[in-house]
Amino acid sequence: MPKITYIEHNGTEHVVDVPVGLTVMEGARDNNIPGIEADCGGACACSTCHVYVDPAWVEKLPAKEDMEEDMLDFAYAPDPTRSRLTCQIKVTEDLDGLVVQMPEKQI
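Residues numbered from 1 in each chain as written. Predicted model: local features only at pLDDT ≥ 70, side-chain atom pairs only at ≥ 80, totals over all residues. Heavy atoms only, no water.

J.: Honestly, the overall build of the chain in this entry has me stumped. Any pointers?
T.: When its secondary structure is counted, the chain shows 2 helices and 5 strands. For the chain, the succession of helices and strands along the chain, N to C, is β-β-α-β-α-β-β. In terms of C-alpha radius of gyration, the chain reaches 12 Å, essentially the compact-globule figure of 13 Å for 107 residues. With respect to the principal axes defined by its C-alpha atoms, the chain has extents near 30 × 25 × 25 Å. (Helix = DSSP H or I, 4+ residues; strand = E, 2+ residues; numbered from the N terminus. Rg over C-alpha atoms; globule rule 2.2 N^0.38 Å.)

Spelled out as structure tokens, the structure:
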């Protein structure tokens, strides 16, 4: 099972196993990781599951689709390169070791 590291804004790290087929957002939700609110439940209709992807992982993830790009416009302090919505990142074996950091707050 892929291990994903979620880093809170204050630096607290949570390394959890996330089953293949779930999203990175569902992995946070199912493991009670603070900092990812996921108000829309994964429908890509809000930006409350926004994270900054570790630079080493940016190119390894599938490209953002237009809907995700649009929703990131509403995120708190988005980074044009590193910002992603975790509801749009499906966990695969290739994501073992993925590191994401939460912003200071979600809007």
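J.: Please clarify how a negative patch on the surface should be interpreted in this entry.
T.: Side chains of Glu65, Asp66, Glu69, Asp70 and Asp73 sit close together on the surface and give a patch of like negative charge. Mapped onto the elements of the fold, Asp70 is located in helix 2 (residues 66-72). (Patch = residues over 30% accessible without salt bridge, like charges linked within 9 Å, V, L, I, M, F, W, Y side chains within 5 Å. Areas by Shrake-Rupley, 256 points an atom, 1.4 Å probe, with all protein chains shown as cover. Salt bridge = Lys/Arg side-chain N within 4 Å of Asp/Glu carboxyl O. Lys, Arg positive; Asp, Glu negative; His and termini not counted. Charge placed at Lys NZ, Arg CZ, Asp CG, Glu CD.)

J.: Even after reading the chapter, I still don't get the sheet that holds strand 3 (residues 50-53), so can you show me in this structure?
T.: The mixed open sheet is built from 5 strands, whose spatial order is 2-1-5-3-4. Two strands lie at the open edges of the sheet, namely strand 2 (13-17) and strand 4 (83-85), each paired on one side alone. With direction set aside, neighbouring strand axes in the sheet form an average angle of 35°. As paired elements, strand 1 (residues 3-7) and strand 5 (residues 99-101) share 3 bridges and run parallel to each other. Looking at strand 5, one finds that Tyr6 is bridged to Val100. (Pairing = 2+ DSSP bridges. Axes fitted to C-alpha atoms, helices over the stretch in contact; angles between N-to-C directions.)

J.: Is there a simple way to explain the pairing of strand 1 in this structure?
T.: It is a general feature of regular strands that their side chains alternate between the two faces of the sheet. Strand 1 sits mainly inside the fold: 4 of its 5 residues count as buried. Between strand 1 and strand 2, which pair antiparallel one after the other, the connecting turn spans 5 residues, and Gly11 there sits at a positive phi close to 100°. (Buried < 20%, exposed > 50% of the residue type's maximum accessible area, 1.4 Å probe, protein only.)

J.: I keep staring at the nonpolar core and nothing clicks. Help me out?
T.: Soluble globular proteins: nonpolar side chains tend toward being buried together. By size, the foremost hydrophobic cluster in this structure holds 28 residues, and its most contacted members are Ile4, Tyr6, Val24, Ile36, Val53, Leu85 and Leu98. Among the secondary structure elements, those contributing two or more residues to this core are strand 1, helix 1 (24-30), strand 3 and helix 2. A per-element tally of this core places helix 1 first, with 3 residues. (Core = buried A, V, L, I, M, F, W, Y, C linked by side-chain atoms within 4.5 Å.)

J.: Whenever I open this one, the pairing of strand 2 confuses me. Can you help?
T.: The sheet contact formed by strand 1 and strand 2 spans 5 bridges and is antiparallel. The partner of Thr5 across the bridge, within strand 2, is Val15.

J.: I would appreciate a short explanation of the state of the cysteines in the present structure.
T.: Any covalent bond linking the sulfur atoms of two cysteines counts as a disulfide. The full count for this structure, using the stated rule, is 0 disulfides. No disulfide involves Cys87; its nearest neighbouring cysteine sulfur is the one of Cys49, lying 3.8 Å away. Take Cys87: its relative accessible area is 7%, and that puts it in the buried class. (Disulfide = S-S within 2.5 Å.)

J.: Can you walk me through unusual backbone geometry in this structure?
T.: What is expected of a backbone is that most residues other than glycine have negative phi and most peptide bonds are trans. Of note, Asn32 is a non-glycine position whose phi angle comes to about 55°, a positive value. Among the secondary structure elements, Asn32 is positioned in the loop between helix 1 and strand 3. You will see that Ala38, though not glycine, has its phi angle at about 55°, which is positive. Examined against the element boundaries, Ala38 turns out to sit in the loop between helix 1 and strand 3.

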